[in-house]
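Listed here are the chains, written in short residue letters.
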Protein chains: 2
Amino acid sequence: MTASINDVARAAGVSASTVSRALRGRPGVSDEVRDQIKAVAAQLGYTASRSASSLASGRTFTIGVLVPYVGRWFFGTVLDAAEQVFSAAGYDVLLYNLGSPETRKRFFTRLPVRKRVDAVLTLLIPEEEESAALRSLGVPLATTVGGARPGFTVVGIDDRAGTENAVRHLVNLGHRRIGMISGSSGPLHWTTPIDRRNAYLDVLADAGIAHDPALEADGDYTVEGGERAMTELLAVSRPPTAVFAQSDEMAMGALRALRRHRLRVPEDVSVIGFDDHELADVVGLTTVAQPVADQGAEAARLLLRQLDELGAEPPGQVRMPIRLVLRETTAPPSPRGPQ
Amino acid sequence: MTASINDVARAAGVSASTVSRALRGRPGVSDEVRDQIKAVAAQLGYTASRSASSLASGRTFTIGVLVPYVGRWFFGTVLDAAEQVFSAAGYDVLLYNLGSPETRKRFFTRLPVRKRVDAVLTLLIPEEEESAALRSLGVPLATTVGGARPGFTVVGIDDRAGTENAVRHLVNLGHRRIGMISGSSGPLHWTTPIDRRNAYLDVLADAGIAHDPALEADGDYTVEGGERAMTELLAVSRPPTAVFAQSDEMAMGALRALRRHRLRVPEDVSVIGFDDHELADVVGLTTVAQPVADQGAEAARLLLRQLDELGAEPPGQVRMPIRLVLRETTAPPSPRGPQ
DNA sequence: CCTTGTTGCGCAAGCGTTTGCGTTCAGATT
DNA sequence: AATCTGAACGCAAACGCTTGCGCAACAAGG
């Protein structure tokens, strides 16, 4: 049996309430008594039971974090950074990996975080019904992906601007047949793929390039999907000379497909990604960099601030900077075209 | 205010105890009453408060997972798989990201999981003192890394065999100057780097190759570290013609260094990694594959089994299979050697 | 010397469950 | 008809904290 607050109280010759106040730095305890209690507690190896204290106080000092796939670089990185901020502030994080539709549904119907967390950070886009469920928790909410949603603090990037940078870069290099590997699939209504697609279309229009629907393929935001998509794009009658992939992982898949087809990058086909994945540099991928870890950390900080200032800070919206990172997968189109 | 058990009891015209028993499937409730209670609970959107129920029952239905760096592929993947198993069994996971020495120390001294989790899965190697702290929690313990440790169920691979496969592959190709990028650093006494190093030395000895200490460099298990290490190896008077990196991430760093030095892979230098990182295929890296996600899932399953069978199942030790994956970064040494 | 504050601490009532035990009551057993 | 037996359910006591309130004791102000 580990020590309870009463054991500490007895050993220190005071009441349990005094122990509670002393250990949590609340007023109403003289310094001498406080020090003595701390000493006794340390000596007994006492730590307050979280269950008991949250039951009594209503505060849990726990943050729920919802992630679609912990294993994917983007989410893992965001989570990592957010966790650091939370734990530095004394909060624990309860992780929910909601990749599959079943676990996701189960989560939102049973809502296991009810009365268990002080706030929720979600890295997946809740549908309308789901965000209503989250709001019903009555705790601060934040997200690092997708667009604005009532009740959520969102920290993100300017997807349109990022995409414009990328596509314009290809245009400036002289490309006219510019393909896109998107990630529109999934039941998640996520504004990112849409924003990026619109920006892509806009840049093409701006440059006076007619849009060819055959030059768009779905890559599902995975490496394999990117590979499949690139393969599709290579199969059309006049393949693209350059491809914009909505994520680095898909871009890498595209790279793999190109290698399989014995096509050189960037001589035959240029490829540009999005994210600046930690390994983008290894493969020399040109991409649009976004501060992934920073977004997680910032979202966490905003959440904590809402927790501190009880004066319900209205959920804000912050945009992080993006920048084009030129590496070795983009170049002017070859005069011969890919063959 | 969300509904409490008493609200449900009142609405259903029964006592709170009956509600508790009904909802948790315990005997002592007639089927009709049970169904009716379930209906009422669903209608009220009632979920039992975890804090209250764990305070009362002692069970938390929560697993603590300790990870050094969530953002790294290996750990993220293990965590992902483990979480799925846990959540499918109705357990939540409390995540602790213990990468930095400070957070790590804080965790082990304050032990915030005390009375908060039913079991612990650690993806970092606790030092003697730390594992004693974990054992003091009195809950089942498991790990997916490092060697045997009293009180821990460990799921892992045969590091020696994996390394032997890798190094022998290089030897068989005809290499004689075989470098190694290791990851011995860190305060974690981790048997993996040591096992792998020993196996490396053994294979060299077996092949009658004299060991050259200048051909070993520390890559810190990161991409950047691998790049640095490779750079060091290239600076010695007679650089290696092949390099075994103890992780794919370091191998990728090495690839980057080689590209910077305008050295071709595998023509000038062969590189082999370890792990079969999800992007190893993209860069064509030859490597030793280990079932990463499976290890996480298996460890989680073993933990759950210990939780179910109260008959204290003695902690076991399971070894998962490894296999050599030949891709494009290894080849026989060039007659000229790297220049 | 008697108020009026402070300060430091203990009392006890929760917080929302779980669970051992007691009670009730219908049906089975003598 | 009297007794026994379960099954089904309610009572109330934990579980280990937090916190509003009350009560000394003591300092300062009149």
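Residues numbered from 1 in each chain as written. Chains lettered and ligands numbered in written order. Predicted model: local features only at pLDDT ≥ 70, side-chain atom pairs only at ≥ 80, totals over all residues. Heavy atoms only, no water.

### With respect to the protein's contact with DNA strand C
Consideration 1: Around DNA strand C, a shell composed of 27 residues is seen, among which Thr18, Ser30 and Val33 of chain A together with Ile5 and Ser20 of chain B lie nearest.
Consideration 2: Protein-adjacent atoms of DNA strand C, using a 4 Å cutoff, are sugar or phosphate at a proportion of 63%.
Consideration 3: Note that a phosphate oxygen of DNA strand C is positioned 2.9 Å from one of the side-chain N or O atoms of arginine 24 of chain B.
Consideration 4: The backbone of serine 49 of chain B places a nitrogen or oxygen atom 3.3 Å from a phosphate oxygen of DNA strand C.
Consideration 5: Secondary-structure elements contributing two or more residues to the surface near DNA strand C are helix 2 (16–23) and helix 4 (50–57) of chain A together with helix 2 (16–23) and helix 4 (50–57) of chain B.
Consideration 6: With 4 residues, the top contributor of residues to the surface near DNA strand C is helix 4 of chain B. (Near = heavy atom within 4 Å. Polar contact = N/O pair within 3.5 Å; in protein donor to acceptor, adjacent residues only side chain to side chain. Helix = DSSP H or I, 4+ residues; strand = E, 2+ residues; numbered from the N terminus.)

### Looking at the sheet that holds strand 7 (residues 216–218) of chain B
Residues and elements named next belong to chain B.
Consideration 1: Across the sheet, which stays open at both edges, the 6 strands sit in the order 7-6-8-9-10-12 with mixed pairing between neighbours. Because the sheet does not close on itself, it has two edges, and the strands there are strand 7 and strand 12 (323–325). Going from strand to strand, the sheet's axes swing by 20° on average, the running direction of each strand aside.
Consideration 2: Pairing analysis gives 3 bridges linking strand 6 (residues 178–182) to strand 7, with the strands arranged parallel. Across the sheet, methionine 180 pairs through a bridge with glutamate 216, a residue of strand 7.
Consideration 3: In this fold helix 10 (residues 223–235) packs onto strand 6, strand 7 and strand 8 (242–245), with an angle of close to 150° to the strand it touches most, strand 7. (Pairing = 2+ DSSP bridges. Axes fitted to C-alpha atoms, helices over the stretch in contact; angles between N-to-C directions. Contact = heavy atoms within 4.5 Å.)

### So, unusual backbone geometry
Consideration 1: Backbone torsion omega between valine 265 of chain A and proline 266 of chain A reads 5°, so that peptide bond is classified as cis.
Consideration 2: By secondary structure assignment, the location of proline 266 of chain A is in the loop between helix 11 (248–260) and strand 9 (270–275).
Consideration 3: Residue aspartate 276 of chain B is not a glycine yet carries a positive backbone phi of 60°.
Consideration 4: Note on placement: aspartate 276 of chain B falls in the loop between strand 9 (270–275) and strand 10 (286–289).
Consideration 5: The class of aspartate 276 of chain B is partly exposed, set by a relative accessible area of 23%. (Buried < 20%, exposed > 50% of the residue type's maximum accessible area, 1.4 Å probe, protein only.)

### What to know about the environment of glycine 45 of chain A
Consideration 1: Within the secondary structure, glycine 45 of chain A is located in the loop between helix 3 (31–44) and helix 4.
Consideration 2: It is 50 Å that separates the C-alpha atoms of glycine 45 of chain A and aspartate 220 of chain A, two residues lying 175 residues apart in sequence.

### Some remarks on helix 8 (residues 159–173) of chain A
All names here are of chain A.
Consideration 1: With 15 residues, helix 8 extends 21 Å between its outermost C-alpha atoms, agreeing within 8% with the 21 Å of an ideal straight helix rising 1.5 Å per residue.
Consideration 2: Turning to helix 8, its buried residues are Asp159, Gly162, Thr163, Ala166, Val167, His169, Leu170 and Val171.
Consideration 3: Measuring from the backbone nitrogen of arginine 160 back to the side-chain oxygen at the start of helix 8 gives 3.2 Å, which picks out aspartate 158 as the cap.
Consideration 4: Note on helix 8: the residue one or two positions beyond its end, glycine 174, has a positive phi of about 110°. (Expected span 1.5 Å × (residues − 1).)

### Points about the protein's contact with DNA strand D
Consideration 1: Neighbouring DNA strand D are 26 residues; Ile5 and Ser20 of chain A together with Thr18, Ser30 and Val33 of chain B lie closest to it.
Consideration 2: Protein-proximal atoms of DNA strand D, defined as those within 4 Å of the protein, fall in sugar or phosphate at a share of 63%.
Consideration 3: Isoleucine 5 of chain A is positioned such that a nitrogen or oxygen atom in its backbone is 2.7 Å from a phosphate oxygen of DNA strand D.
Consideration 4: Take serine 20 of chain A: an N or O atom from its side chain is 2.3 Å from a phosphate oxygen of DNA strand D.
Consideration 5: With 4 residues, helix 4 of chain A is the single largest residue contributor to the surface near DNA strand D.
Consideration 6: Of the residues assigned to the surface near DNA strand D, the class counts are 10 nonpolar, 12 polar and 4 charged. (Nonpolar A, V, L, I, M, F, W, Y, C, P; charged D, E, K, R; others polar.)

### Section: the domain arrangement of chain A
Residues and elements named next belong to chain A.
Consideration 1: One can read the domain layout of chain A as domain 1 (5–48), domain 2 (62–157 + 292–321) and domain 3 (159–290).
Consideration 2: One C-alpha centre belongs to domain 2, the other to domain 3; they are set 29 Å apart.
Consideration 3: Facing 15 residues of domain 2, the contacting portion of domain 3 comprises 19 residues.
Consideration 4: Carbon and sulfur atoms supply 55% of the area buried between domain 2 and domain 3, which totals about 1300 Å² over both sides.
Consideration 5: Per-residue buried area on domain 2 facing domain 3 is highest for Arg72, Trp73 and Ile157; these three make up 46% of the total on that side.
Consideration 6: Seen at the junction of domain 2 and domain 3, the total is 0 salt bridges.
Consideration 7: Where domain 2 touches domain 3, the interface holds 3 residue pairs in polar contact (both at pLDDT 80 or more).
Consideration 8: Of all the elements in the fold, those that place two or more residues in the side of domain 2 that touches domain 3 are helix 5 (73–88) and helix 12 (292–308). (Domains from an automatic or database assignment. Buried area = accessible area lost by both parts, 1.4 Å probe. Salt bridge = Lys/Arg side-chain N within 4 Å of Asp/Glu carboxyl O.)

### As for the packing of helix 4 of chain A against helix 4 of chain B
Consideration 1: In the contact formed by helix 4 of chain A and helix 4 of chain B, the axes pass within 8 Å of each other and the chain directions differ by 130°. Considering the angle they form, helix 4 of chain A stands oblique to helix 4 of chain B. Relative to helix 4 of chain B, the crossing made by helix 4 of chain A is left-handed. Residue-level contacts link Ser51, Ala52, Ser54 and Leu55 of chain A of helix 4 of chain A to Ser51, Ala52, Ser54 and Leu55 of chain B of helix 4 of chain B.
Consideration 2: Looking at the contact of helix 4 of chain A with helix 4 of chain B residue by residue, the class counts come to 4 nonpolar, 4 polar and no charged. (Parallel < 35°, antiparallel > 145°, perpendicular 65-115°, else oblique. Left-handed = near helix turned anticlockwise from the far one by under 90°.)

### Some points on the sheet that holds strand 6 (residues 178–182) of chain A
Residue and element names in this part refer to chain A.
Consideration 1: Pairing is mixed across the open sheet formed by 6 strands, whose spatial order is 7-6-8-9-10-12. Taken across any chain shown, the strands that pair with only one partner, and hence form the sheet edges, are strand 7 (216–218) and strand 12 (323–325). Taking each pair of neighbouring strands and ignoring which way they run, the sheet shows an average axis angle of 20°.
Consideration 2: Of the strands in this sheet, strand 6, strand 7 and strand 9 touch helix 9 (residues 191–206), which is tilted by about 175° from strand 6.
Consideration 3: Packing against the sheet, helix 11 makes contact with strand 6, strand 8 (242–245), strand 9 and strand 10 (286–289), and its axis sits at approximately 155° to strand 9.

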